[in-house]
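Fold and geometry: a report
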Protein chains: 2
Amino acid sequence: MKIALLLTGNELMSGDTVDSNSSMIAQLLDPIGFEINHKVTVGDDLDLLVLELDKLSQQYDVVIVNGGLGPTVDDLTAIALAKLIGKNLVKNQQAFEHVHEWCAARGIEANEANLKQAMLPIGASVLANPVGSAVGIQLQYRQCLLLCTPGVPSELRAMLNGSVAEALKSSYPNASSKYVRRLKLFGMGESGLQQLLDDECSDWPAEVIVGFRAGAPLLELKLEVSDKKHLGYRDDCEKRLRELVGDFIVGENDETLSSVVVDLLAEKGRMLTLAESCTGGLIASQITEVSGASKVFEAGFVTYSNTIKENVLAVDHEVLEQYGAVSQEVVHAMASGALLAAGADCVIAVSGIAGPEGGTIEKPVGTVWVAWGEEDSIMTHRFNYPVERKFFQLMISSVALDLLRRYLLGETNVPGYFQRESR
Amino acid sequence: MKIALLLTGNELMSGDTVDSNSSMIAQLLDPIGFEINHKVTVGDDLDLLVLELDKLSQQYDVVIVNGGLGPTVDDLTAIALAKLIGKNLVKNQQAFEHVHEWCAARGIEANEANLKQAMLPIGASVLANPVGSAVGIQLQYRQCLLLCTPGVPSELRAMLNGSVAEALKSSYPNASSKYVRRLKLFGMGESGLQQLLDDECSDWPAEVIVGFRAGAPLLELKLEVSDKKHLGYRDDCEKRLRELVGDFIVGENDETLSSVVVDLLAEKGRMLTLAESCTGGLIASQITEVSGASKVFEAGFVTYSNTIKENVLAVDHEVLEQYGAVSQEVVHAMASGALLAAGADCVIAVSGIAGPEGGTIEKPVGTVWVAWGEEDSIMTHRFNYPVERKFFQLMISSVALDLLRRYLLGETNVPGYFQRESR
């Protein structure tokens with residue numbers, strides 16, 4: 001079957017909103033066998049909407065409409081459907097009850113705008129929305145199944161996993177699921193990994209589709225087979241990947257560098273502390289973003305100035321004078337000082353020049369020293385990432401977390417981060 | 001003139017990439033008078049591309065194509081154009097020189113894949129790309145101006161501001177620029193502000209278009225006139241807005257809460273320190289993300305546990321025991337302790353329950369105390385935001401920064417944040 005997606009909303013045409021819904025729709029429907037073949041976006045214009053619906057419903061088996069179900073005058077999807085099929089809007093009892101229940105649960109009375117959402121074209125049925133006030137709309141027109149969904153992402157997500165998936169499966173019971181494995185990597189980019197696969201895995205089985213999704217800072221690698229009987233191939237490919245680049249594989253699915261580090265620290269019963277200069281609290285922020293971080297993290301220090309490095313982390317005045325704040329000696333002393341001040345087991349310390357100012361010839365913008373490890377085994381390494389300030393902070397935070405991750409796994413060598421990239 | 005946008009790329013269809021290019025295109029072209037009316041996305045399929053190009057070039061005056069100009073086999077735009085007009089691809093001298101220069105500047109030899117990018121359809125001309133190896137393609141077909149641009153965002157941005165804007169202006173010299181003013185607000189949402197405008201500004205001049213762009217945590221309000229002679233209206237509207245909600249207006253254009261706070265601190269010659277519990281370093285991270293933050297910020301403390309609050313911030317053991325970490329007394333003591341430890345002038349301290357665990361009946365998840373001000377005038381306030389952990393941290397960081405912003409402007413009352421929202 002062929003599926004088209006019709007997105008509606010002036011905010012999508014004006015650029016005021018970046019469309020992340022269509023990515024969500026593809027990501028949730030593709031694995032269960034419903035691939036989007038075509039995508040059209042139009043503004044909130046009734047005639048254009050009807051025209052597009054008419055064209056798409058002639059060419060596609062399924063049209064998923066997203067947006068235009070809300071309570072305001074801009075929301076035209078129901079009216080457009082009615083115009084398309086030449087019927088009226090009527091009060092749909094199920095939708096009416098849904099709106100009332102939704103309002104009652106919030107202690108408010110349904111107003112006229114809310115009740116507009118209960119008006120559906122004759123012949124349409126309700127696609128349940130467990131989150132919001134607007135119900136979705138399902139309508140069979142000619143040979144085409146029309147499924148209308150709301151633009152609010154949380155509502156859309158709930159419906160894609162619920163009523164929309166059910167409607168699709170009941171119309172196409174033979175659509176075949178895909179079997180997807182998602183690995184998260186840090187320290188390799190898409191082009192480097194692709195090149196490595198081309199070089200090392202020329203006999204890669206055709207049944208196993210490889211996909212990439214570049215993110216900052218992690219790269220997602222997707223291994224996909226569309227038939228259950230090929231799961232063995234997929235497992236073989238994953239094994240080969242782990243042999244090739246296993247140390248760059250941080251985790252799976254929704255795992256992040258900080259969530260993996262928090263889990264490893266908890267597993268080993270270690271407490272972490274942080275002494276951050278150029279990353280300015282970003283590492284602490286990433287660690288404490290993880291639910292349960294308090295089990296492994298009690299204290300972090302953001303020590304921007306030399307005075308504070310001396311007063312709070314007990315870095316020697318002479319060491320700071322002699323080597324400068326961005327030096328192996330100082331970052332080592334910061335690490336030791338933080339361990340002592342916080343009474344922790346593990347540490348990350350960072351001192352560098354985020355820019356755009358503050359660079360010198362010997363230590364240009366992008367120079368950074370990272371220390372990590374435990375009291376009797378503090379390691380240090382110098383990196384150089386001359387990139388824009390925010391991206392520099394993100395990269396260094398990620399490198400530091402990854403070095404601690406590797407340390408907690410017993411690996412003390414510094415890998416070649418991003419050394420294979422061609423672009 | 002009517003403009004369509006044709007986006008191409010399998011990654012856009014599979015959901016592996018969120019399309020932010022079309023938002024960028026609209027945002028850069030709309031203000032100079034070129035509004036996108038229609039948007040279509042297709043995968044990397046030659047026949048589909050030709051079909052779409054054929055349809056769109058009959059219906060629109062301008063078609064902007066994005067994607068498919070790269071060096072790999074997936075990149076089909078030039079071939080699709082050639083097929084559309086029934087002509088061959090030939091080596092374009094200008095494109096050929098560009099590729100060679102691009103490679104030479106990087107000390108590499110142009111390979112076959114690079115040189116593929118110099119093959120353009122007969123009759124096409126080059127749209128200069130100052131950033132990347134792929135040139136853009138301009139082609140007049142029937143009554144339609146076709147402009148093909150690369151998918152790499154940095155290249156696309158440079159071309160939209162350069163060769164694409166020039167090509168459009170030279171074809172449509174009378175396209176009229178829009179005059180846009182962008183204000184950033186914190187503490188009001190789109191629905192609340194819209195309602196306020198409906199209630200208080202019923203005589204709003206039709207010449208001044210209002211637009212919103214919701215972001216976390218700031219709301220962007222856009223005031224736009226399309227004729228220079230209406231700029232006075234726009235200024236009047238801005239004045240009325242400032243009278244109505246001026247204290248919620250944080251800044252303009254790219255300003256953020258933290259950049260405004262850093263600027264205010266610098267202006268007043270004040271140094272800031274931070275004592276963060278539940279926000280876990282996020283405030284420090286936002287402050288130090290601002291270039292020049294070191295002029296106003298030397299030290300921040302992430303004090304998760306009670307022991308650390310005692311040891312580092314000198315919070316009384318008895319006070320912690322008696323009132324608990326999430327209390328007015330403790331957050332006040334954290335603020336005082338941080339000021340002393342850092343030798344700073346201004347302070348923000350935060351202590352709360354981010355969840356999902358740790359709540360009690362008296363202090364449920366989402367409860368948070370914020371302290372802000374200076375040594376002899378530390379203010380405190382209790383808030384309650386029972387939302388998902390990451391969003392809670394972002395909201396509280398923003399509220400705390402906004403309270404300090406207001407304090408630095410001489411305002412010590414706590415405003416009703418997000419009190420007008422209906423949804």
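Below you will find a few notes about this structure. The structure displayed is predicted, hence computed values, not measured ones.

Residue and element names in this part refer to chain A. Summarising burial for strand S15 (residues 346-352): seven of the seven residues are buried, a large majority. Where burial is concerned, the two faces of S15 agree: the one with Cys-346, Ile-348, Val-350 and Gly-352 and the one with Val-347, Ala-349 and Ser-351 are both buried. Bridge count for strand S13 (residues 272-276) against S15 is five bridges, and the pairing is parallel. Note on S15: the bridge partner recorded for Glu-276 is Val-350. Taken together, the seven bridges between S15 and strand S16 (residues 367-374) define a ladder with antiparallel strand orientation.

The next subject is the packing of helix H3 (residues 46-59) of chain A against helix H4 (residues 77-85) of chain A. Residue and element names in this part refer to chain A. Where H3 contacts H4, the two axes come as close as 9 Å, and the packing angle between them is 55 degrees. The angle between H3 and H4 falls in the class oblique. Seen along the crossing, H3 lies across H4 with a hand that is right-handed. Touching Leu-46, Asp-47, Leu-49, Val-50, Leu-53 and Asp-54 of H3 are Ile-79, Ala-80, Leu-81, Lys-83 and Leu-84, all from H4. Taken together, the residues of the contact of H3 with H4 break down into eight nonpolar, no polar and three charged.

With that out of the way, let us pick up unusual backbone geometry. Residues and elements named next belong to chain A. Between Gly-355 and Pro-356 the backbone carries a cis peptide bond, its omega angle lying at 0 degrees. With respect to the element layout, Pro-356 can be found in the loop between S15 and S16. The backbone phi angle of Asn-253 is positive, close to 50 degrees, even though this residue is not glycine. You can see Asn-253 is positioned in the loop between strand S12 (249-252) and helix H10 (257-268). Of note in the backbone geometry, Ala-314 takes a positive phi value of approximately 55 degrees without being a glycine.

The nonpolar side chains of soluble globular proteins are, as a tendency, buried together. The biggest cluster of nonpolar side chains holds 62 residues, and the ones touching the most others in it are Leu-6, Val-63 and Leu-146 of chain A together with Leu-6, Val-63 and Leu-146 of chain B. In this structure, Leu-6 of chain A is in contact with Val-40, Val-42, Leu-49, Glu-52, Leu-53, Leu-56, Val-63, Ile-64, Val-65 and Asn-66 of chain A, ignoring residues within four places of it in sequence.

The next point concerns the relation of the copies chain A and chain B. Note that the two copies of the chain are related through a rotation about an axis and a translation along the same axis. The transform that puts chain A on chain B rotates by 180 degrees and translates by 0.3 Å along the axis, for an RMSD of 0.4 Å. As the rotation angle and translation indicate, the two copies are arranged about a two-fold axis. Taken together, the interface assignments show that 100% of the residues at the interface of chain A recur at the interface of chain B, consistent with an identical surface on both copies.

Let us look at the interface of chain A and chain B. The interface is formed by 60 residues belonging to chain A together with 60 residues belonging to chain B. Carbon and sulfur atoms supply 50% of the area buried between chain A and chain B, which totals about 4,800 Å² over both sides. With a shortest N-O distance of 3.4 Å, Glu-289 of chain B and Lys-390 of chain A are connected by a salt bridge. Across the contact surface, chain A and chain B share 22 residue pairs in polar contact (both at pLDDT 80 or more).

To continue, consider the pattern of salt bridges. When the charged atoms of two side chains with opposite charge come close together, those side chains can pair. A full pass over the atoms with the stated rule returns 36 salt bridges over all chains. Residue Glu-224 of chain A is joined to Lys-178 of chain A by a salt bridge in which the shortest nitrogen-to-oxygen separation is 3.9 Å. Of this pair, Glu-224 of chain A sits in strand S11 (residues 219-225) while Lys-178 of chain A sits in the loop between helix H7 (153-171) and strand S9 (179-185), and the two are 46 residues apart along the sequence. Since its relative accessible area comes to 10%, Glu-224 of chain A is described here as buried. Exposure remark for Lys-178 of chain A: the relative accessible area of 18% places this residue in the buried category. The shortest N-O distance in the salt bridge between Lys-55 of chain B and Glu-52 of chain B comes to 3.6 Å. Here Lys-55 of chain B pairs with Glu-52 of chain B, and both are found in helix H3 (residues 46-59), just three residues apart, close to one helical turn.

Each value, and the rule that gives it
- The numbering scheme is per chain: residues are counted from 1 as the chain's sequence reads.
- For naming, the first written chain is A and the first written ligand is 1, with later ones following in the order written.
- Two thresholds apply to this predicted model, a pLDDT of at least 70 for residue-level local features and 80 or more for giving and counting side-chain atom pairs, whereas whole-chain, interface and lining totals are computed over all residues.
- To get the side-chain values, all heavy atoms of the structure are used, and hydrogens and water are removed first.
- The cut-offs for exposure are 20% and 50% of the maximum accessible area for each residue type, with area from a 1.4 Å probe on protein chains only; residues under the lower value are buried, those over the upper are exposed, and the others partly exposed.
- To qualify as a helix, a DSSP run of H or I must reach at least 4 residues; to qualify as a strand, a run of E must reach at least 2; elements of each kind are numbered from the N terminus.
- Pairing between strands requires that DSSP locate at least two bridges from one strand to the other.
- Fitted lines through C-alpha atoms serve as axes, helices being fitted only where they are in contact, and the angles separating the N-to-C directions of these axes extend from 0 to 180 degrees.
- Any angle that is under 35 degrees is reported as roughly parallel, and any over 145 degrees as roughly antiparallel; angles of 65 to 115 degrees are reported as roughly perpendicular and all others as oblique.
- It is the rotation of the near helix from the far one that decides the hand of a crossing: anticlockwise by less than a right angle makes it left-handed, clockwise makes it right-handed.
- Whether two residues are in contact is decided by their heavy atoms, any of which lying within 4.5 Å being enough.
- Residues are grouped as follows: nonpolar covers Ala, Val, Leu, Ile, Met, Phe, Trp, Tyr, Cys and Pro; charged covers Asp, Glu, Lys and Arg; every other residue, Gly included, is treated as polar.
- For the purposes of this section, nonpolar cores are sets of buried Ala, Val, Leu, Ile, Met, Phe, Trp, Tyr and Cys residues that join through side-chain atoms within 4.5 Å.
- Copies overlap after least-squares fitting; the atoms used are the C-alpha atoms of residues with pLDDT of at least 70 in both.
- Take the accessible area each of two parts loses on contact, using a 1.4 Å probe, and add the two losses: that sum is the buried area.
- Salt bridge, as used here: a side-chain nitrogen of Lys or Arg that lies within 4 Å of a carboxyl oxygen of Asp or Glu.
- Here a polar contact means two N or O atoms within 3.5 Å. Within protein one must be a hydrogen donor candidate and the other an acceptor candidate, and residues neighboring in sequence count only if both atoms are side-chain atoms.

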